[in-house]
Structures are given as C-alpha cells and as structure tokens.
Amino acid sequence: MKVPISWLEEYVPVTLPLDDLAHRLTMAGTEVVSIDTTLSFEGVVVGLAKEVGPHPNADRLRLVQVDAGDETLEVVCGAPNVATGQKIAFARIGSVLTDAHTGEERKLKRSKIRGVTSNGMVCSERELGMSDEHEGILVLPEGAPIGMSLGEYLGETLLDLELTPNRPDCLAVMGVAREVAALTGETATPPSIEYPEHGPDIATLAKVEIEDLDLCRRYTATLIQGVKIGPSPDWLADRLRAIGERPINNVVDVTNYVMFELGQPLHAFDFDSLSEGRIVVRRARPGETLLTLDGETRELTDDNLMIADAGKPIGLGGIIGGTESGITGSTTSVLLEAANFDGPNNRRSASKFGIRTEATLRFEKNLRPELAEYGVRRATKLILEVAGGTVASGIIDEWPDKAGAVQVVELPANAIERLLGVSYESGVVISTFEGLGMEVVSNNGAYSVTPPYWRPDIGIPEDLIEELARVIGYEKIPTTGITGSVPVWEPNPDRVLREAMKNILSRFGMQETISYSLTTPEAEAHARPPGHGLQPLQVMNPLSAEHATLRTTLRHSILTVLSRNARIWRGPLWMFESGRVYLDRGEGVGLPDEPEKFVGVVAGPRSDLEWMSGEPESSDFYDAKGIVESLLSEFGVTASFVPVEENTFEPGRCAQIVIPSAGRAVIGVLGEVASDVLSTFDIDTAPVAMFELDVEAIARLPELQSLGQQDYVPFGRFPDSSRDLALVIDDNAPAADVLALAERNRLVVSATVFDVYQGDAIPSGKKSLAVRVVYQAPDRTLTADELIKAENSILRALEHNFGAELRAR
Amino acid sequence: MCEPSGDMIKLAESVNNSKGDGAGPSAEDRITAVRDAGLLALSASETADALQEWRNQYIGRSGEVTLLLRGVGSLPAEQRAVFGQAANRLKNELEAAYDQREAVISAFTGPVGTIDVSLPGRSPAGGRLHPITQTIREITAAFGAMGFQTFEGPEVELEGYNFDAMNIPSDHPAREMFDTFWLDRVDEDGNNNLLLRTHTSPMQARIMETHEPPIRVVVPGRCYRYEATDASHEWHFNQVEVMAVDECITFADLKGTLYEFARRVFGAERKVRFRCDFFPFVEPGVDMSVDCFNCDGDPACRICRGSGWLEILGAGMVHPEVLRRAGYDPDRYTGFAAGMGVERVAMLKHGIDDIRHFYTNDMRFLSQF
Ligand SMILES: [Zn+2]
C-alpha cells in the first residue's frame, strides 16, 4: 500500500519528521518498507510548446519550439494532439525513456527526422513509463512551472507500507491517517460526505433485493442522474497515478479513489442499462454466463455471487463488473454500489476466475457493513463534484441483519497485567483506546470496549491488549525471565543417540551433508535400494518433476552428493547424512512412519596429501567398516558382519551388520557400491564403500539401555604377555572366526590380525594370517609353561576348525 | 629410581618370609646379586655403546634377568609365584634404571639435529557437521540453558494440526502466508488432509495435548513451502519453534527469554528490537530483529536493505484459541511462542548470500563451517 503524504495530510496533521513517523508506524506493526521521495524521469522537464508549425518534408509531423526554461529548442513531434501554449513533458537529449514500440528503456539521442534535427522529444505517458498510452503526448496542467524536473513536479512523497493480513483498515489512506493519529496523539478527521439531494426519492427509481444474505450482508446504493462522463480533473488523476493506478474516467476514477481513501470497494453501473432499474443479489444459476469488463466470458456456478438486474447477470459481486452494464462515454445515469460481500466466498470466486483485484484484497478480510454507507456517500459527493448531475434523494440500504453488528469486547480487571507482565493506569488505558477510535466504559479496573467499525480485527481481550502494547510501544514493556517451576525432564534417547552418532562420524573424518527429502521413484531406483512393498508418498502439487515424492531411502541422496563432489574435491570423500525416510502405512492409516536413518560413503583418498606419506591410498571397504565398528564401540556395541547380497552393492562385497547380543538383530548394511550403480550416478571414483544404519534399531540394543551406567571392571594388575602366530589357513575361513576361537581361551585377553598375505610361498586356496595374541591372568603372572600350553591349545583348535598350520611363532 | 621402590621392599620382605617358611635361599640371593651388579655396571656405563652392551647383558633376550625368569618354571611349585614376582619386579626396576641412564647419556651427546618446523603436521581426520546442524544446536542450546527441552515432530502433518489448531481456518486469508505442498492422500470424506508441514508450529498443539504445564520446549525440524527458490527462499527449510506455557507467563517473559537467546547466539554487543507483527496463532504478535551486522544504517546495504535491522524471528503470546483447542484453559494458562528460520540465522551469522548453498552440499561450502 502506497500512501502519498499530501493525501495523508488531508485527514491528519503530520507533525513528526517522516523518518520518525516511519519508525513509529513500523514499530506499531505497519511496516514502512521505504519512503519514496519522488518519481524519477531522468532528464525530463516541464516544457512550454511556444509554437507548433508544419514539418517541411512530412505532413503528419510537426515542428515544436519548446521553451525548456533555460533555452528554446526545436523538436520534431508526431503526436496529433500537440498544440501551441500546452505545457508538455520535454525530454532533453540524454534522457532515459521507454521505447513506445518495444517497451524497453533507452537513452534519447539527437537525431534527424525527415531532414530536420530534433533536439529532444515531447513525451507520451508510455515513453515516461507511466502508462501504455502512446497515442498522444502527455499534456500537463497550465500551472506547471516551466523548466522544473518532471519528477519533482509530478512526484509525491510516498510511504510504502507492508501490511499484515489483519489490518484491512490500513488498506485505506484514511485508515493509515487514523493509525498515525493514534501513534502521534493527533486527531484524524474523516472526509466530508455532505452533498445536496435534489432528485426524486431513490426508492421510486431503483430497487435492490438481496436473495442470498449469507454472501451479502449489506448493499447500499445511490443514483446520480445527468452526469457527464469525461477525464478526471488533475487532482484526481494525479493521486491515482501517484499510487500506481491508471485513470480511466471521472466516475470510475472516483470509485477507485474512494476505495483507496476509505477501504470500501465500489462499483458504478450504467443505470439505463439495468432492466427495470432493479438489482438482485443472488447466487448464479448453473449455466449462466457473464461477459466481464476484461473481455472474458465467465461461466458461473452457484458458488459465485452474482449481481443481476431484473433479468440477466450484470456483475460478479465484489470481483468484476459486466461489460453491458459498465460506464461508457455516453452514460448519463450512474447507480453506485457499495456492498458488504462475504470474504471467503469472494476470495474463492476471485481465485477460481484468476482475478485478483484490489476489491478482493479488501473484501476477503471481512470488512464491516458500516463502511458501505460511508463509502457510497463519499463517492456520491465526489461524483457530483467531478461529473456533475443530480443525486436522487436518500440511499438504498438493504441491511436486514443490522442488529448483529455491534460487538463489545470485555477486558477483565488485571487481564492486561496478566498477559503483559506490567500494569497501566486506567487513564493511560482509556486514552489509548479512545485514541484508536474505541468507546470505553471503565468499571473497577475492567473495561468494556466497543471497537470502531473500521477495526474488524478486534474481537477478544488479547486484541485490545495488543493495541495497548503497540501504541505504548513494545520497547517500553519490561524484560523479565520466566519464573515458576522448570518442567520435568523427559529423556529423548533416540535424538540423543542420533546427535551423538553425528558427532562421532564427524570426528572420524566424515562430512555431514543434508539433502532434499523430496525426490522421484525413478531417481531413488538408481541406487537400487531394497523394496518396501509400498508406493512412496506423492506430492499433489510438486514445484518440479524432480521433487515429486517423499524419499524412502537415503542411498540415492548420498550417492547424488558424492557424484556432485567427486570431480571437484581432491581430499577424502567421506560423507554421511542423517535424516528421515517417509514410509506410507497405507491408505487411511494416518501419518506415515518417519524413521531416522544414517547413510555414509567412504571414497577417494584416505587422507589429504601429506609430505611424510606420499600419495595417499584409496579408502576402501575396511575404512567404512572401521568407522562402523568404532562408532558402535562408542556405545559398547560389538557387531558381526554377515555376508549378504544386495543390489546396491558389488556381489561378495557386502555385509549385514548383525548384533549377536541382541538376538542377531540387523541394524544396517555395509558394502562396496556396485560399479554399474556408480556409473549410473556418473561417479568415476572407485571403490566407494557405503553403509546404512537404522537409528531406532541401534537405540533398542541392550547395550544402549545401560549406556553411561556400566560398572567399573578392575583391569589386570599382573603383567600380560604377547605372542605372535603366523598361521596358514583356508582362504574362505573368516578371520573374525579365527580370532573369536582364539579369544575363547580363558587366558587370552585379545587376538588381533596384523597381516594378511596370499601369494608366493602360500599354497593356493590358503592364506597367511599373522595374529598377535595377548595373554593375561587376573591373579598372577603367567609362567612360560602356561603360555605355551595355552598357545598349543589354541593352535589345536584352529587346526581342527580351519585347517590352520603354524608358519612361524 | 636407584633406590628400591616401596613395592620392591615389600616384595623382598615377603621373599624373606617365605625363606623363613623353608624356601631355598639361592633364588633370593641370585636376584639380589643380579640387582646389585646390574645397577653398579649401569652407573659405570658412560657411552651409548656401553649402554647397549649393558642392556644385552642384563635385560636383553638372553640377559641375566631373562634367564632368571625362565628359571621360574623349574622351581618347586610352591616357590614359583613368589620368585616369579620378584624376578619381574627386578626386570621392571632395571628397565626403568636403563631408561633414566639413557636419557642422561643422550643429554650429554649433544643435539640430534634440527627439523623443519614449518612442515605441516600429520592431520587428524577432520569431518564437520553441516552448518544447519550446527546452527540448530546453537539455538537449542541457548534455550536449553533456560530450561527448554528439545522435541521433534512429524514432517508429514495433518491439515488440522498445521492450520486449524493454529487458528488458521480454511478460509483465512493468512493461509496464503503458507503456500502448501499437499499429499496425494484422502481421508474418509474424500478430502486431502495430509500435507508437508509449513512450519514447526503444529508441534505447539501436539505437545500441549500430550503434556501438562509447565511447558518449555524447543522444536527444530524440516518444513516445506510451495514457493519458487531464489537466493533467499527455499521450498525446503528448517525452523525452530519455541514455546513456554504456564500459569503466569507474560509478554515481559517473552521479551526477556528471546533477548537472552539473541545475546547467546548473536553476541552480547547486538541490539535487539521488538515490534508489533501479526501471526494468526499469537496475540499480541511480535517480530524480533537484531541490528545489521553489515552496516551502520547504510541505505545501500545489501543485507538489511537499508533498514539497519534484520528480522530474526516471529513470536507472540500463544493465542487463546490455540490454547483452548489444545485442551488448555486460556483463563488459567498463558504462554509465548516463537519460530525462526534456521537457514536465515545461519546466513546472517556467516554472511552467506545464497540459501541454495545449504542443500547443494558442495564440499567447498560445507568444509568452511
Ligand atoms: Zn545493513
């Protein structure tokens, strides 16, 4: 909403400097986005057409001698309406203008037109970017001072306001004036609605019936006969232009003007086009159509509120008028409508027809019916002034449900202090409310408040308290801390676990990423995740085809991120995402499941390039596995890794992550991504190890239930001894089983593989495993004999189970 | 370390005691002899070579102490434990004495040569959390310090919670503030009632429905709005909801709590401004801004567009209708609520000029935080 200061000053004295006023308005909820000081027409000044003569070489061109204040210049002009003595908008060479044909901005150059040099241009509205009008030049009022910059002459100082949806009153200059008055302690004076009524009783000439009261609470109308349609006077046209509206004709301009002045939308009908002089306000009947003012034929339904005459539709109530009943140059009688239409219905119809007008912007906010009469009387007065004619006596006022209009809001004693934390003397409260146009009755600290009709947003005590707080100023309300008891702590183990997992993974060198949760089934399928047997949840109105369904897997997300970074990042491509997948539970089962998952990829070099180690090696499956193992061990969880085949992963290079202590619960999967999956994602880095973990499954593990509560176990105080074994065993024997077998010996505290070797000197089908075994007893130092006995017993078991042979001790 | 340690004395006593019980004297004597000779020889070793020679003779693979230990197995069973322990103590003592002597000798052999201290050190692995995660944690921690607990809620939400419970009935013009992604699901009446939540505010209702006052919560999470993406708008973003409800929560408490939050997250030197604003689920409504980081009221400032202020969050006193719908008596309870965009907070803190960086996941961006 743009508010010219000169217009505002018609209703309220502006006593504060504009910057201060803007600040007060902003703090009180009506944000002043900017103060636009002038229109700007670079290089264009007010000029006088001193002399208009023929062009020697072209019949349709004229030569104009323009007095630009400091000099007189000859220009060539093609407009038919240029005449001697006119004040015109004169563009000097170098002005920036809008090209009348292409609509683009360009700099005016000196040019020769049919042999005569033109030293500038006499502008049309279109060239000035003011409207599409380019038939004739813009003729300025006679009083325009020659040589003054056009911007300064036409320009207004405007407040550009950003309004909140609850304040339809500020969609009117008068409303903003009331706001300014309340905030600056001034008084706002509404414009006059006094005019002579010399015509016959309106009831004898016109009649209005409201059939559907739910969609139209009040309908007021006046009738002005003998008007002369023509262009608006300058003051009216200039005001409309200043707020970005295009003048049309005097009567239509008045309806627009009053809408911006008071906030009440109006419509003017050509009274003579109305059959029987009757207006019927009703729902449209199926099959009815209306040719609207914008040239479209609209098909109507009984959801649309129709303004009809005795026979046919003549307008869409509160949205747009019909062509046949519109004001034309030959209109002499005007029926002026100011009605109160139902907001939601108006909004639905407008959006159905794709017409978003200033009227709907106001009606949808549920204006109060009182405004209609004020609006219609104000517009009638202005039409008389600008278009002449005689007003029929009285007004038509259909308002059957008048009783329900007044609404008193009771503000109980202490309600202000209870909500704001500070109390105010009743004098301050009363004067603040009265300053906002409210009627106040005070009673022992309580107040009965009747808001004015222009404030439909005020309906409950809290609304009144906000009024008080914002007028006094939020900044003046004290600042305190919450008192009262602190809520009982409620543990949230899944969230704590998830955040801890993020910390651990980043500590292990992984970068966290976050991807969109909308995707497509086709994109997800590229990662070949295992199916869930349910369709993904679909968005009805996706913004783009590539974000149409909620994701059911994170695998696609992380591979997409890897693909994006593989070519641009030289360091380790170790990345993880923690997020939800969205699993439908089927039609009619309410909200979907949103389980939390982790997915990680490990690819690229194992470390950044470092001087002490030369070119870093590629990271691989065992980096990812180490991350998963160490992550789990932070929670005291030990996993076993069971070979499994999944389509995402390379055959023979994938394992389920199984937790033996939890009944072999599966908490995730780990593997090397299949090479054809990588090529689908256009990833040329290999290998890529990936893991996926289920947060809920981990949270349910028994180790997590006692996390942080484990009892201290005394560590061995007697020295341990370590002995190395070089074993040759069957190639297919899992190393984990060899170690587990060794650790079964009660003297063994740990068994660790420190080398795996295949090749020369090792028979095929076998591998060499170097294992360091650490022995210790809790109660004594082990003797050499004991060590050897234990070692021999381990060797026998290994030989029996895996065909292990000793290569070296 | 040349003196026997306390442990060693105790051990020696216990060995003596065992001798009194009839154990052979030879084992204990041997240990004492090896110890005395070893320590003497060590103190006579003046060079690194001599030290190495000593090491071989006493504590090396076939040194005297090692031999003593090996001999443990051949002792009568009842003596093994005592003697084995004594031999091990001796081993430890001599090794410690060796280390100390070695340090003394190397200190006299002069510097080992310089190193290039400008060469980079070995980097420990370094991953980082996404800036959004970091920002959410900063926000929740600031409120956590004031007793607010973190909750989370569903991203796929029922229309009733997202809008109606928040005092935004279906025909309310304010619904336009929340352009919505609807899901292709219908309820029994054939209406689409599932949507992607447009804000974290529905959690106000969900928490009040399942909890008794007092309530102090922060709720971070993803939200979605049907709007075109540009440098400052994303259809996919994160919010943090804040709510406190109790018998005497006031507007002054709202100001105090949010002011404290701003100090913690944006720094104590920032100015904070509260102005009137409108949201359907609060009354009175508040907009909180902090003074621009970038300028001193420069009309050409790109960040604040010349206003000098940056909007951080929307807030207000919980609307009585929201309380009532959630089953709370608005005559008894009051509360405040606030909601903020996490991306916006992160952008303002770090001077990020384009919101689209967050979900593009370019390592060159992510590795900076
Ligand atoms: Zn700034």
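In this text, all values refer to a predicted model and were calculated from it rather than measured experimentally. (Residues numbered from 1 in each chain as written. Chains lettered and ligands numbered in written order. Predicted model: local features only at pLDDT ≥ 70, side-chain atom pairs only at ≥ 80, totals over all residues. Heavy atoms only, no water.)

## Brief notes about the pattern of salt bridges
Item 1. Under the definition given, this model contains 78 salt bridges over all chains.
Item 2. Note that A:Glu179 and A:Arg167 form a salt bridge whose closest N and O atoms lie 2.8 Å from each other. Highlighted residues: A:Glu179 in helix α4 (residues 173-184) and A:Arg167 in the loop between β13 (158-162) and α4, separated in sequence by twelve residues. Each member of the pair, A:Glu179 as well as A:Arg167, carries the same accessibility label: buried.
Item 3. Here A:Asp294 and A:Arg298 are joined by a salt bridge, their closest N and O atoms 2.6 Å apart.
Item 4. Judged by relative accessible area, A:Asp294 falls into the partly exposed class, the value being 39%.
Item 5. Each member of the salt-bridge network shares a partner with another, and the members are A:Arg495, A:Arg498, A:Glu499, A:Lys502, A:Glu512, A:Arg580, A:Glu594, A:Glu596, B:Arg137, B:Glu152 and B:Glu155. (Salt bridge = Lys/Arg side-chain N within 4 Å of Asp/Glu carboxyl O. Helix = DSSP H or I, 4+ residues; strand = E, 2+ residues; numbered from the N terminus. Buried < 20%, exposed > 50% of the residue type's maximum accessible area, 1.4 Å probe, protein only.)

## Notes on the sheet that holds strand β1 (residues 149-150) of chain B
All names here are of chain B.
Item 1. Strand order in the open sheet formed by seven strands is β1-β4-β5-β9-β8-β7-β6, with mixed pairing between adjacent strands. Looking at which strands have only one partner, the edges of the open sheet turn out to be β1 and β6 (272-276).
Item 2. When strand β7 (residues 282-291) meets strand β8 (residues 309-318), the two strands line up antiparallel, connected through eight bridges. Bridge assignment links Met-288 to a residue of β8, and that residue is Leu-313.
Item 3. Lying on the sheet, helix α9 (residues 251-266) is in contact with β6, β7, β8 and β9 (334-341); it crosses β8 at an angle near 145°. (Pairing = 2+ DSSP bridges. Contact = heavy atoms within 4.5 Å. Axes fitted to C-alpha atoms, helices over the stretch in contact; angles between N-to-C directions.)

## Considering the coordination of the zinc ion
All names here are of chain B.
Item 1. Distances from the zinc ion to its protein donors, namely Cys-292 (SG), Cys-295 (SG), Cys-301 (SG) and Cys-304 (SG), fall within the range 2.2 to 2.3 Å.
Item 2. The coordination sphere of the zinc ion comprises four donor atoms, whose angles at the metal cover 105 to 113°; the geometry is tetrahedral.
Item 3. Between the donor residues of the zinc ion, the gaps in sequence give the motif C-x2-C-x5-C-x2-C. Taken together, the positions of Cys-292 in the loop between β7 and β8 and Cys-304 in the loop between β7 and β8 put the pair twelve residues apart, joining distant regions of the chain. (Donors = N, O, S within 2.8 Å, 3.2 Å for Na, K, Ca; no water. Tetrahedral: all angles 85-135°; square planar, octahedral: opposite > 155°, others 65-115°.)

## Side note on the domain arrangement of chain B
Item 1. What the domain assignment lists for chain B is domain 1 (6-109) and domain 2 (131-366).
Item 2. The C-alpha centroid of domain 2 of chain B is placed 73 Å from the C-alpha centroid of domain 1 of chain B. (Domains from an automatic or database assignment.)

## Section: helix α15 (residues 555-566) of chain A
All names here are of chain A.
Item 1. With twelve residues, α15 should reach 16 Å at 1.5 Å per residue; the first-to-last C-alpha distance of 16 Å fits that figure.
Item 2. Taking burial as the measure, the twelve residues of α15 include ten buried ones, the bulk of the element.
Item 3. Among all positions of α15, only Arg-555, His-556, Ser-557, Ile-558, Leu-559, Val-561, Leu-562, Ser-563, Asn-565 and Ala-566 are buried. (Expected span 1.5 Å × (residues − 1).)

## A closer look at the interface of chain B and chain A
Item 1. Tallying the contact residues gives 97 residues for chain B and 96 residues for chain A.
Item 2. When chain B packs against chain A, the two sides together hide about 8300 Å² of surface, and 56% of this comes from carbon and sulfur.
Item 3. At the boundary of chain B with chain A, the tally comes to seven salt bridges.
Item 4. Residues B:Glu152 and A:Arg580 are paired through a salt bridge, measuring 3.8 Å at the closest nitrogen-oxygen approach.
Item 5. Where chain B touches chain A, the interface holds 43 residue pairs in polar contact (both at pLDDT 80 or more).
Item 6. For the side of chain B that touches chain A, a count of residues per class yields 43 nonpolar, 27 polar and 27 charged. (Buried area = accessible area lost by both parts, 1.4 Å probe. Polar contact = N/O pair within 3.5 Å; in protein donor to acceptor, adjacent residues only side chain to side chain. Nonpolar A, V, L, I, M, F, W, Y, C, P; charged D, E, K, R; others polar.)

## Regarding the nonpolar core
Item 1. In this structure, A:Leu8, B:Phe143 and B:Phe261 are the most contacted members of the largest nonpolar core, which totals 131 residues.
Item 2. The greatest single-element share of this core, amounting to nine residues, is contributed by helix α9 (residues 370-387) of chain A.
Item 3. The residues touching B:Phe143, leaving out its near neighbours within four places in the chain, are B:Phe148, B:Val218, B:Val242, B:Thr257, B:Leu258, B:Phe261 and B:Met340.
Item 4. By size, the runner-up hydrophobic cluster in this structure holds 35 residues, among which are A:Val602, A:Ile627, A:Phe635 and A:Val637. (Core = buried A, V, L, I, M, F, W, Y, C linked by side-chain atoms within 4.5 Å.)

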